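# Examination of the molecular architecture
Here are the chains, one letter per residue:
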Amino acid sequence: DVKVTQSSRYLVKRTGEKVFLECVQDMDHENMFWYRQDPGLGLRLIYFSYDVKMKEKGDIPEGYSVSREKKERFSLILESASTNQTSMYLCASSPTGLAGAKNIQYFGAGTRLSVL
Amino acid sequence: DAKTTQPPSMDCAEGRAANLPCNHSTISGNEYVYWYRQIHSQGPQYIIHGLKNNETNEMASLIITEDRKSSTLILPHATLRDTAVYYCIVRSQGGKLIFGQGTELSVKP
């Protein structure tokens, strides 16, 4: 089974802190994604990566950055956490290129981040 | 990107078939329909996908209308563990998954 592991299920941080959310997948997938999920807004794509050291902005990249130094690991960074970044963060990976027809994304369990 | 419309909530009796509709009237010819579900406090889980033909796997069946403007996900014998939010997603060639609000399915004993 594909496994996508997020480093923390729950995280509490202070405003202004630098926050790292880590995601690791064990299936050698090329593509990795970071979403945030908020009530009433659904899932929104923050950043994605289709190869090591490659990254693309999603719909809401402001206030975030990402790092992909190894194929299996995709990190989301909040440079200076703010209260409006309190959310559920979901990492996903998929095995084919973005133009592929069968591009199924496998999700981690999520990290619920609270910024106080 | 094609948009989908789903009812916000549905109920289903345990052991009965759950039929979840989705409207995607603006779908283009090369866009697939994907279904995911999200059980409370977990990440979304892939269920099934299709382009034109009906599809079936161990989890569900997907019925796509001939004009491709709508589809129905069928859980043939719903259990309490199928209680979740179900998302119908149409993927563009850009490869991005666009999640709507989904349908909250409650399976009741």
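The present account deals with the structure reproduced in this document. (Residues numbered from 1 in each chain as written. Chains lettered and ligands numbered in written order. Predicted model: local features only at pLDDT ≥ 70, side-chain atom pairs only at ≥ 80, totals over all residues. Heavy atoms only, no water.)

Attention now goes to the pattern of salt bridges. Residues and elements named next belong to chain B. Following the criterion strictly, the structure yields 7 salt bridges over all chains and no others. Linking Asp82 and Arg37 is a salt bridge whose minimum nitrogen-to-oxygen distance equals 2.8 Å. Taken together, the positions of Asp82 in the loop between strand E7 (70-75) and strand E8 (84-91) and Arg37 in strand E3 (residues 32-38) put the pair 45 residues apart, joining distant regions of the chain. Taking relative accessible area as the criterion, Asp82 reaches 12% and is therefore assigned buried. (Salt bridge = Lys/Arg side-chain N within 4 Å of Asp/Glu carboxyl O. Helix = DSSP H or I, 4+ residues; strand = E, 2+ residues; numbered from the N terminus. Buried < 20%, exposed > 50% of the residue type's maximum accessible area, 1.4 Å probe, protein only.)

The subject of this paragraph is the sheet that holds E3 of chain B. The strands making up a sheet associate through hydrogen bonds between their backbones, and the pairing can be parallel or antiparallel. All names here are of chain B. Strand order in the open sheet formed by 5 strands is E1-E9-E8-E3-E4, and the pairing between neighbours is mixed. Each of the sheet's edge strands pairs with one partner strand only, and the pair in question is strand E1 (9-13) and strand E4 (45-50). The mean inter-strand angle of the sheet, taken between neighbouring strand axes irrespective of direction, is 25°. (Pairing = 2+ DSSP bridges. Axes fitted to C-alpha atoms, helices over the stretch in contact; angles between N-to-C directions.)

Here we come to the sheet that holds strand E8 (residues 73-78) of chain A. All names here are of chain A. If you trace the 4 strands from one edge of the open sheet to the other, you get E1-E3-E8-E7, paired in antiparallel fashion. The two strands at the open ends of the sheet, each matched to only one other strand, are strand E1 (4-6) and strand E7 (64-70). Neighbour-to-neighbour, the strand axes of the sheet open up by a mean angle of 20°, direction not taken into account. Two strands pair when backbone bridges link them, and E1 and strand E3 (residues 19-25) are joined in this way by 3 bridges, in the antiparallel orientation.

All chains considered together, the criterion is met by 7 aromatic pairs over all chains. Between the aromatic rings of Tyr36 of chain B and Tyr46 of chain B, the centroid separation amounts to 5.8 Å while the plane-to-plane angle is 75°, which identifies the pairing as edge-to-face. In this pair, Tyr36 of chain B is assigned in strand E3 and Tyr46 of chain B in strand E4, connecting sequence segments 10 residues apart. The class of Tyr36 of chain B is buried, set by a relative accessible area of 0%. On the basis of relative accessible area, Tyr46 of chain B is assigned to the buried category, the value being 18%. Among the aromatic side chains, those forming a connected cluster through ring pairs are Phe33, Tyr35, Phe48 and Phe107 of chain A together with Tyr36 and Tyr46 of chain B. (Phe/Tyr/Trp six-rings, centres within 6.5 Å; stacked < 30°, edge-to-face > 60°.)

A few words on the interface of chain A and chain B. On the side of chain B, 20 residues touch chain A, which itself brings 20 residues to the contact. Taken over both partners, the interface formed by chain A and chain B buries close to 1600 Å², and the fraction arising from carbon and sulfur atoms is 50%. Here chain A and chain B share 0 salt bridges between them. At the junction of chain A and chain B, the tally comes to 5 residue pairs in polar contact (both at pLDDT 80 or more). Those elements giving two or more residues to the side of chain A that touches chain B turn out to be strand E4 (31-38) and strand E5 (42-49) of chain A. Element by element, the count of residues in the side of chain A that touches chain B is highest for E5 of chain A, at 3 residues. (Contact = heavy atoms within 4.5 Å. Buried area = accessible area lost by both parts, 1.4 Å probe. Polar contact = N/O pair within 3.5 Å; in protein donor to acceptor, adjacent residues only side chain to side chain.)

Residues and elements named next belong to chain B. Here strand E2 (residues 18-23) shows a clear split, with Ala18, Leu20 and Cys22 buried on one side and none of Asn19, Pro21 and Asn23 buried on the other. As judged from the 6 bridges shared by E2 and E7, these two strands associate in the antiparallel manner. If you follow Cys22 over to E7, its bridge partner there is Ser71.

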